[in-house]
Amino acid sequence: MAYTTSELLASIKRRANIPSASGVFGDAELLTMATEELRSYGVPLVLKHREDYWLTFTDLPLTSATSYPLPTRAIGGKLSELSVVDSNNREHNLPRLSPADLEGARVGFYMDGQGVRLFLRHNQPPSDMGVSLRMRYYLRPSALIATTAAATVASGTGPWTLSGGYATLTTPGTYDCIMAGSPFGVRQASFAGSIASTTLTAATLSAVSAGDWISMEDTSPVVQAPVEFHDLLAQKVAVKVLE
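Peer 1: Tell me about the overall build of the protein chain, residues and numbers included.
Peer 2: Each helix and strand in the protein chain was counted, giving three helices and 15 strands. By principal-axis analysis of the C-alpha atoms, the protein chain measures approximately 70 × 45 × 25 Å. Expressed as a percentage of the 243 residues in the protein chain, the buried residues total 42%. Restricting the contact set of the protein chain to residue pairs at least 6 apart, pairs at least 24 apart contribute 67%. Carbon and sulfur atoms provide 52% of the accessible area of the protein chain, an area that totals close to 12,300 Å². Across the protein chain, the 19 positively charged side chains and the 22 negatively charged ones have centroids separated by 2 Å.

In structure tokens:
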């Protein structure tokens, strides 16, 4: 089974008895409803039973700055863990501090409405701690789109030959590379690239497998959730349609 949005739409229509050519609920509207259910109902459910499912990380260069932005696609705008990576690629976890802890603390971080704030006693520059700041967070599931609005790659080595809906992708653009099979993870998020004819060129893209999907940033033609949730998502949308 492919587990794409095409299969999801077919399941929703079958459960809700929606004709394929329905003028009331089009595919785009059903996928918008599915995205809403995935994010509002599915995210808390999956995090409760499989809390590490969407866990990922991003590295930011450490500079003299003490303030760093949170990843824009982090679920709930929160971090799971923050660490410093040194020149030997070793991680050193930073403790999370509350405002009351700052007076007696030596090093750590705290959060505010603008992101992460690093705290170092004696006003040391953060770059003294290491080369990069590693933010571990839960990546928000992408908005669901039709399979015709994304492309698949023919092989794992670049430049990559695309098939399918490559003509619908903006070029140059910012894309996601998504696993076609379980666990449907984002292999690489928000990478810059360009498409000429059927060929994708992207300097930072790596670890691609044949059959992976290429879509515009924060969109996906597959449901980025455990297989066992896919049928439940279809049922949730069908119930909404019939309300």
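From this point on, the discussion continues.
Peer 1: Can you explain the pattern of salt bridges? Please cite residues and give values.
Peer 2: Under the criterion given, the structure shown has 14 salt bridges. Between Arg50 and Asp52 there is a salt bridge; the shortest N-O distance is 2.7 Å. Its relative accessible area of 41% is what places Arg50 among the partly exposed residues. With a closest N to O distance of 3.7 Å, Asp218 and Arg73 form a salt bridge. Taken together, the residues span a long stretch of sequence, with Asp218 in the loop between strand E14 (213-216) and strand E15 (219-220) and Arg73 in the loop between strand E2 (67-68) and strand E3 (81-85) at a distance of 145 residues. With relative accessibility at 6%, the residue Arg73 sits in the buried group. Overlapping salt bridges bring together Asp59, Glu81, Glu91, Arg134 and Arg136 as one network.

Peer 1: Give me the packing of aromatic side chains: which residues, what numbers.
Peer 2: Going through the model one piece at a time under the given rule, you end up with four aromatic pairs. Ring plane angle 65° and centroid distance 5.8 Å describe the contact between Tyr3 and Phe184, whose orientation is recorded as edge-to-face. Of the two residues, Tyr3 sits in the segment before helix H1 (5-16) while Phe184 sits in the loop between strand E11 (173-178) and strand E12 (186-196), which places them 181 residues apart along the sequence. With a centroid separation of 6.4 Å and an interplanar angle of 25°, the aromatic rings of Tyr41 and Phe229 are classed as stacked. Residue Tyr41 is found in helix H2 (residues 27-49), and its partner Phe229 is found in helix H3 (residues 227-242); the two are separated by 188 residues along the sequence. Residue class for Phe229 comes out buried when judged on its relative accessible area of 4%. Positioned over the ring face of Tyr41 is Lys236, at 4.1 Å from the centre of the ring.

Conventions used here
- Residues numbered from 1 in each chain as written.
- Predicted model: local features only at pLDDT ≥ 70, side-chain atom pairs only at ≥ 80, totals over all residues.
- Heavy atoms only, no water.
- Helix = DSSP H or I, 4+ residues; strand = E, 2+ residues; numbered from the N terminus.
- Buried < 20%, exposed > 50% of the residue type's maximum accessible area, 1.4 Å probe, protein only.
- Contact = heavy atoms within 4.5 Å.
- Areas by Shrake-Rupley, 256 points an atom, 1.4 Å probe, with all protein chains shown as cover.
- Lys, Arg positive; Asp, Glu negative; His and termini not counted.
- Charge placed at Lys NZ, Arg CZ, Asp CG, Glu CD.
- Salt bridge = Lys/Arg side-chain N within 4 Å of Asp/Glu carboxyl O.
- Phe/Tyr/Trp six-rings, centres within 6.5 Å; stacked < 30°, edge-to-face > 60°.
- Lys NZ or Arg CZ within 6 Å of the ring centre and 35° of its normal.

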